[in-house]
Amino acid sequence: MGWGDTAPPNSSMAGGVGRCFQAFNASAGRDPAQPSIASPWFSTAFGLIGLCSNLFALCALLSSSRQLPSRARSSFLVFLCGLVITDFMGLLVTASVIVSYHFIKFTWVKVDPGCHLCNFLGFSMVFFGQCPLLLGATMAGERFFGINHPFSRSTSISKRRAWSIVGLVWGFSCLVGLLPVLGLGRYTLQYPGSWCFLTLLPDTGDVIFCLLFALLGIFSVLLSFIFNTVSVVTLCRVYHDRESVQRRRDSEVEMMVQLVGIMIIATICWMPLLIFIVQTVLQQLPASGRIQTLPMETQKLLLIYIRMVTWNQILDPWVYILFRRA
């Protein structure tokens, strides 16, 4: 009983299953290329490595936050901690469903006829995908103002305010992820039948939600790039000034190295997927809804790009682990 046994929805059964199954080409389960591109060991290995990496980084962060007197450094560690928690929970939630599917081989239509599990998994993919990009842009903005306008605030951001900002990012990402549940777009089962994500079909609601998700992610990456570039230029210009402030600037350089590393990883891992989503939905617009399922090549590319995104959650914690003076 596996995803290859799930019959493609047709007119006789479309009313009996949720909308999340109506865009999935179940006949792809008989594709001989499936074992190489959709092996369950990908999900299992990525999940275990990512969880261990983020747990290690979280322990290091908690230890460092108790020892550093610098308020600016403390607020930066709060943002980093929020990022690590987000990556850890994202891997834990999504992997628990996807890996369970691969080893149990349950039939989605029978287990989840109302699409509740699929909607939850799709929401998790969007929420835990959007949060790191927004947190990266938030961290870049905080460092930009801290380095370029150090006297515009009487004090640095406190830990409580930093956690409040992290909470706002989580809340905004949650709102974006709930849009398909509220009626804008939909989450559908994706190749090879083990996960759910936004729908890359030329339906009006799907197109709007896909573009919102992709453009918001692209905007976050570009904003991070602008903020970080200006901050790095400023640091390079003043780094060799008076020795009395050398230690503080060493800490700022350390933070910027970590931030630039996070930005580079996010750009490499996320931009291919975000650009692919925009290109796919815009190219299909002339079809005006006549396309009911994605071509198999498009489904495979989407799976490959999602694999790349997973590396973002795995590599993020190692940026802090490897690029810290301690």
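Procedures and definitions
Residues numbered from 1 in each chain as written. Predicted model: local features only at pLDDT ≥ 70, side-chain atom pairs only at ≥ 80, totals over all residues. Heavy atoms only, no water. UniProt positions renumbered as here; feature names shortened; annotations may be inferred. Axes fitted to C-alpha atoms, helices over the stretch in contact; angles between N-to-C directions. Helix = DSSP H or I, 4+ residues; strand = E, 2+ residues; numbered from the N terminus. Left-handed = near helix turned anticlockwise from the far one by under 90°. Contact = heavy atoms within 4.5 Å. Nonpolar A, V, L, I, M, F, W, Y, C, P; charged D, E, K, R; others polar. Parallel < 35°, antiparallel > 145°, perpendicular 65-115°, else oblique.

- Going by the annotation in an unreviewed UniProt entry, the name recorded for the protein is Thromboxane A2 receptor, with Aegotheles bennettii given as the source organism.
- Per its UniProt entry, the protein bears the Subcellular location (unreviewed entry) comment "Cell membrane".

## Comments concerning the packing of helix α5 (residues 116-148) against helix α6 (residues 159-182)
Thought 1: Viewed as axis vectors pointing N to C, α5 and α6 meet at an angle of 140°, and their least axial separation amounts to 8 Å. Crossing of α5 against α6: the hand is right-handed. Together, Phe 123, Val 126, Phe 127, Gln 130, Cys 131, Leu 134, Leu 135 and Thr 138 of α5 and Ile 165, Val 166, Val 169, Trp 170, Phe 172, Ser 173, Cys 174, Val 176, Gly 177 and Leu 178 of α6 make up the contact between the two elements.
Thought 2: When the residues that make up the contact of α5 with α6 are grouped by side-chain class, the tally is 14 nonpolar, 4 polar and no charged.

## Observations concerning the packing of α5 against helix α7 (residues 204-238)
Thought 1: It is the contact of α5 with α7, at a shortest axis distance of 8 Å, that shows an interaxial angle of 25°. One way to sum up the angle between α5 and α7 is to call them roughly parallel. Both α5 and α7 take part in a crossing whose hand is left-handed.
Thought 2: Class assignment for the residues of the contact of α5 with α7 results in 15 nonpolar, 10 polar and 1 charged.

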